[in-house]
Amino acid sequence: AADAIWGEQAMAASREELRRSHGDFPVFWFQGDRLEAQVRTGANLYLWDVQGYYGGPTERLWFKSEGEGEFGSSPEDAEVQALHAKAFAPFWDVQAGLRHDIAGPDTTHAVIGVQGLAPYMFEIDAALFLSHRGDVTARIKAEVDQRITQRLILQPRVEANLSAQDIPLLGVGAGLDQIEMGARLRYELRR
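Residues numbered from 1 in each chain as written. Predicted model: local features only at pLDDT ≥ 70, side-chain atom pairs only at ≥ 80, totals over all residues. Heavy atoms only, no water.

Just to check I follow, could you spell out the overall build of the chain for this structure?
The number of helices and strands found in the chain is two helices and 11 strands. Listed N to C, the secondary structure of the chain is α-α-β-β-β-β-β-β-β-β-β-β-β in terms of helices and strands. For 191 residues, the compact-globule estimate of 2.2 N^0.38 gives 16 Å, and the C-alpha radius of gyration of the chain, at 21 Å, exceeds that figure by more than 25%. With the C-alpha coordinates aligned to their principal axes, the bounding extent of the chain is approximately 75 × 45 × 30 Å. In the chain, which comprises 191 residues, the proportion classed as buried is 32%. Counting only contacts in the chain whose residues sit at least 6 apart along the sequence, the fraction spanning at least 24 positions is 35%. Summed over its atoms, the accessible surface of the chain is roughly 12200 Å², and 61% of this surface lies on carbon and sulfur atoms. The average position of the 19 basic charges and that of the 28 acidic charges among the side chains of the chain differ by 7 Å. (Helix = DSSP H or I, 4+ residues; strand = E, 2+ residues; numbered from the N terminus. Rg over C-alpha atoms; globule rule 2.2 N^0.38 Å. Buried < 20%, exposed > 50% of the residue type's maximum accessible area, 1.4 Å probe, protein only. Contact = heavy atoms within 4.5 Å. Areas by Shrake-Rupley, 256 points an atom, 1.4 Å probe, with all protein chains shown as cover. Lys, Arg positive; Asp, Glu negative; His and termini not counted. Charge placed at Lys NZ, Arg CZ, Asp CG, Glu CD.)

In structure tokens form, the structure reads like this:
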């Protein structure tokens, strides 16, 4: 309607400004989802799970890293991922790229997966991995924020690792290899 009054050429600059300020512009985002120290009798452990991206609302370059180990030694289990993501539905991305295990046997994987927000606010991250040795594995993670108060939040989390075949090098059998469940209670100082 504005074109009919002021003309298409006069409105072009306005439309471009609107697109830049409310639409397709690059963003850098980083989150340390889990940075933990587990202090107990015997071995004190550390764990990290970080991720981030750079890109616009429908296409992004994701990076992810997670690992764990004992204080004073190299990580027992650690990986980094570089993924290209493209939105295929509201709140859902398909991701493809590479994963490299930096602890344990030197392994590089091709990755394809999905990440997004399922109904009832469940955050889902599922990926299929094909290693350079031909091993096929998969991982699915799910978590949800359960608000107890406006600032106190309980976050149940589950992660399952699966394998399509036995992998003797990693000590992994076919089927459900590992499942981890936990809950985190957090308090938001600033929302």
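Next comes the rest of the write-up.
Teacher, can you tell me more about the pattern of salt bridges here?
All chains considered together, the criterion is met by 18 salt bridges. Asp49 is paired through a salt bridge with Lys141; the nearest N and O atoms lie 3.8 Å apart. Placement of Asp49 in strand 2 (residues 45-55) and of Lys141 in strand 8 (residues 136-143) is noted, with a sequence separation of 92 residues between them. Classification of Asp49 as buried rests on a relative accessible area of 8%. (Salt bridge = Lys/Arg side-chain N within 4 Å of Asp/Glu carboxyl O.)

How should I be thinking about the nonpolar core in this particular structure?
Side chains of a nonpolar character, in soluble globular proteins, are inclined to be buried together. Membership of the largest hydrophobic core is limited to seven residues, which are Tyr53, Trp62, Leu83, Ala85, Val111, Ala127 and Phe129. Setting aside chain neighbours within four positions, we find Tyr53 in contact with Val27, Phe28, Trp29, Arg60, Leu61, Trp62 and Phe63. Core analysis: the second largest hydrophobic core is formed by five residues, Tyr46, Trp48, Val50 and Ala78 among them. (Core = buried A, V, L, I, M, F, W, Y, C linked by side-chain atoms within 4.5 Å.)

What exactly am I supposed to notice about the packing of aromatic side chains here?
The relative placement of two aromatic rings is captured by the distance of their centres and the angle of their planes. Scanning the model with the defined rule gives seven aromatic pairs in all. Cluster of aromatic residues (ring-pair linked, three or more members): Phe28, Phe30 and Phe63. One cation-aromatic arrangement involves Lys64 over Trp62; the distance from NZ or CZ to the ring centre is 5.7 Å. The ring of Phe129 has Arg99 sitting right over it, with the charged end atom 4.5 Å from the ring centre. (Phe/Tyr/Trp six-rings, centres within 6.5 Å; stacked < 30°, edge-to-face > 60°. Lys NZ or Arg CZ within 6 Å of the ring centre and 35° of its normal.)

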